[in-house]
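A closer look at the structure
Okay, here's what each chain looks like letter by letter:
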Amino acid sequence: MLELRPTCEHCNKRLPAESLEARICSYECTFCQTCVDTLLANVCPNCGGGFVPRPIRPSRSWKGDNFLGKDPASAILRHRVVDPAAHARFSAPIRDIPPEKR
Ligand SMILES: [Zn+2]
Ligand SMILES: [Zn+2]
């Protein structure tokens, strides 16, 4: 199950469970859309993978108590600012490879 982390790991922007701006990699490294599209160039600084929009967990119990009321979003902050120069070096050989071929 996704943790649904509360903020962008880089800029600390709030990304509540219903946010349409949240982006995650396969390890659930979590960033805002702006950071993914600009600073990160769709390369996760932790694993090199690409990002996808984070799914929205339902706020109501439509079926079997699978909803935020029973499985709430994480409140644990993970704030690790990305160094732009270091990320440029790291991402240079990766950014032009489509995520499905990395
Ligand atoms: Zn951000
Ligand atoms: Zn990652």
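Read on for a plain summary of the structure. In this text the structure is predicted, and so the values were computed from the model without any measurement.

1. Some points on the nonpolar core
With 13 residues, the main nonpolar core has Cys8, Phe31, Leu40 and Phe51 as its most contacted residues. Contributing elements (two or more residues each) for this core: strand S2 (30–32) and helix H1 (33–37). With residues near it in sequence (within four places) discarded, Phe51 still touches Arg23, Ile24, Cys25, Cys29, Phe31, Val36, Leu40, Asn42, Val43, Cys44 and Pro45.

2. Here's the deal with unusual backbone geometry
Of note in this structure, Asn12 is not a glycine but carries a positive phi near 70°. Mapped onto the elements, Asn12 comes out in the segment before strand S1 (22–24). Of note, the phi angle at Asn42 is positive, near 60°, even though the residue is not glycine. Its place among the elements puts Asn42 in the loop between H1 and strand S3 (52–53). Assessed through its relative accessible area of 24%, Asn42 is described here as partly exposed.

3. Considering the environment of Val82
In this fold, Val82 is placed in the loop between S3 and helix H2 (84–91). Classification of Val82 as buried rests on a relative accessible area of 8%. When the C-alpha positions of Val82 and Cys25 are compared, they lie 15 Å apart, and in sequence the two are 57 residues distant. Apart from the residues within four sequence positions on either side, Val82 is in contact with His10, Phe31, Leu39, Leu40, Pro45 and His87.

Rules and cut-offs
- Residues numbered from 1 in each chain as written.
- Chains lettered and ligands numbered in written order.
- Predicted model: local features only at pLDDT ≥ 70, side-chain atom pairs only at ≥ 80, totals over all residues.
- Heavy atoms only, no water.
- Core = buried A, V, L, I, M, F, W, Y, C linked by side-chain atoms within 4.5 Å.
- Buried < 20%, exposed > 50% of the residue type's maximum accessible area, 1.4 Å probe, protein only.
- Helix = DSSP H or I, 4+ residues; strand = E, 2+ residues; numbered from the N terminus.
- Contact = heavy atoms within 4.5 Å.

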